Amino acid sequence: LAYGFAGGIGAGQRIGTNHKMNFSALADVVMPLASPKELASALWCYNYYRESFPPKPLSEREGMAFDVLKQWYRRDFPQVVAYWKVLEDAFLNGGQAGRVSVRILPDNGRAIRLPSGRELFYRDVQINAGGYSYKSRFNREMLWHGQLMENVVQGISTDVNNFYKALVREWAKIVHHCYDEFTIECPVAEAETVMGSLRLVTRECKPEWADGYPIAFDYWEGKRYGK
């Protein structure tokens, strides 16, 4: 997921730490399969990563393994990588990026129109040699193409989620939600029926604006919430 948003060694480390990954074992698998060219690029990226002074830096071998994985991702998913540039160009200059469009506002802000029709707004966008930024509620925040990609993907996921929540809340009690999931509360005796209804509505219904999108779902039940 992090590589889809243009992440590198630092992003891989954060995800791996969250999932209690064995970094040394990962390196044992990845490093023997890397080409000399991939290793040379990974070493350069590792040194760049160390210049950011991560609080708990990975070893050179572990960090390089994450970068090799990044290179493999970008090799195997070239359309994702190409879209980063398309989306960034649309954001900076206005225009279309697939089913997403961007318009430049009078205050030099940006409005990213998602396929659902909902818009994401960025106030007072400034572009200079060091990159580009927007004015948040409290500070000026830097932007880059990976973050734009993440915001668009999460925005679309939210719209998909909202579509199904609107259907489900007619017959079930939704007690929690975030951009890509929601939680239904029901008596244990009704759990099987509720789960069947949930599977049915997510299988049979789909937003009109999401035609052609690879929408899929995971389902689970438990007495406590968990990720």
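See above for the structure.
Reading the values: rules and limits
- Residues numbered from 1 in each chain as written.
- Predicted model: local features only at pLDDT ≥ 70, side-chain atom pairs only at ≥ 80, totals over all residues.
- Heavy atoms only, no water.
- Helix = DSSP H or I, 4+ residues; strand = E, 2+ residues; numbered from the N terminus.
- Contact = heavy atoms within 4.5 Å.
- Pairing = 2+ DSSP bridges.
- Phe/Tyr/Trp six-rings, centres within 6.5 Å; stacked < 30°, edge-to-face > 60°.
- Buried < 20%, exposed > 50% of the residue type's maximum accessible area, 1.4 Å probe, protein only.
- Lys NZ or Arg CZ within 6 Å of the ring centre and 35° of its normal.
- Expected span 1.5 Å × (residues − 1).
- Axes fitted to C-alpha atoms, helices over the stretch in contact; angles between N-to-C directions.
- Parallel < 35°, antiparallel > 145°, perpendicular 65-115°, else oblique.
- Nonpolar A, V, L, I, M, F, W, Y, C, P; charged D, E, K, R; others polar.
- Salt bridge = Lys/Arg side-chain N within 4 Å of Asp/Glu carboxyl O.

Colleague: Would you mind showing me how to read the environment of Leu-33 here?
Modeller: Along the chain, Leu-33 turns up in the loop between helix H2 (23-30) and helix H3 (36-50). Remark: the alpha-carbon pair of Leu-33 and Ala-65, spanning 32 residues in sequence, is separated by 10.0 Å. Excluding its chain neighbours within four sequence positions, the residues that come into contact with Leu-33 are Glu-38 and Trp-72.

Colleague: How should the pairing of strand E6 (residues 140-143) be read in this particular structure?
Modeller: Across four bridges, strand E5 (residues 131-135) lies against E6 in antiparallel orientation. By the bridge assignment, Lys-135 is partnered in E6 with Arg-140. Linking E5 to E6, which pair antiparallel, is a turn of four residues.

Colleague: What am I meant to see in the packing of aromatic side chains here?
Modeller: The description of an aromatic ring pair uses the distance of the two centres, along with the angle that the planes make with each other. Under the definition given, this model contains 13 aromatic pairs. Taking the centre distance of 5.3 Å and the plane angle of 90° together, the rings of Phe-91 and Tyr-122 count as edge-to-face. Here the residue Phe-91 occupies a position in helix H5 (residues 78-93), and Tyr-122 occupies one in strand E4 (residues 119-128), the gap between them amounting to 31 residues. Judged by its relative accessible area of 0%, Phe-91 is buried. Grouping aromatic residues by their ring pairs yields a cluster made of Phe-91, Tyr-122, Tyr-132 and Tyr-134. Taking NZ or CZ as reference, Arg-110 lies 5.8 Å from the ring centre of Phe-91, over its face.

Colleague: I'm lost on helix H7 (residues 191-204) in this one. Help?
Modeller: Count 3.6 residues to each turn of an α-helix, and residues three or four apart come out pointing the same way. A rise of 1.5 Å per residue sets the reference length of H7, with its 14 residues, at 20 Å; its end C-alpha atoms lie 20 Å apart and thus fit the reference within 8%. Of the surrounding secondary structure, the elements contacted by the buried residues of H7 are helix H6 (145-168) and strand E8 (181-185).

Colleague: How do you make sense of the packing of helix H4 (residues 60-76) against H5 when you look at a structure like this?
Modeller: Helix-helix packing: each pair is described by the crossing angle between the helix axes and the interaxial distance. Where H4 contacts H5, the two axes come as close as 5 Å, and the packing angle between them is 90°. What the angle tells us is that H4 and H5 run roughly perpendicular. Of the residues in H5, those touching H4 at Tyr-73, Arg-74, Arg-75 and Asp-76 are Pro-78, Val-80, Val-81 and Trp-84. Of the residues belonging to the contact of H4 with H5, the class tally is five nonpolar, no polar and three charged.

Colleague: How should I be thinking about the pattern of salt bridges in this particular structure?
Modeller: Oppositely charged side chains may form a pair once their charged atoms are brought near each other. Within the structure shown, the criterion is met by nine salt bridges. Between Arg-140 and Asp-124 there is a salt bridge; the shortest N-O distance is 2.6 Å. Note that Arg-140 is positioned in strand E6 and Asp-124 in strand E4, a separation of 16 residues in sequence. Judged by relative accessible area, Arg-140 falls into the partly exposed class, the value being 33%. Judged by its relative accessible area of 26%, Asp-124 falls in the partly exposed class. Close ionic contact of Glu-185 with Lys-173 constitutes a salt bridge, the shortest N to O distance being 3.2 Å. With Glu-185 in strand E8 and Lys-173 in strand E7 (residues 173-178), the pair connects residues that are 12 residues apart, well separated along the chain. With relative accessibility at 45%, the residue Glu-185 sits in the partly exposed group.

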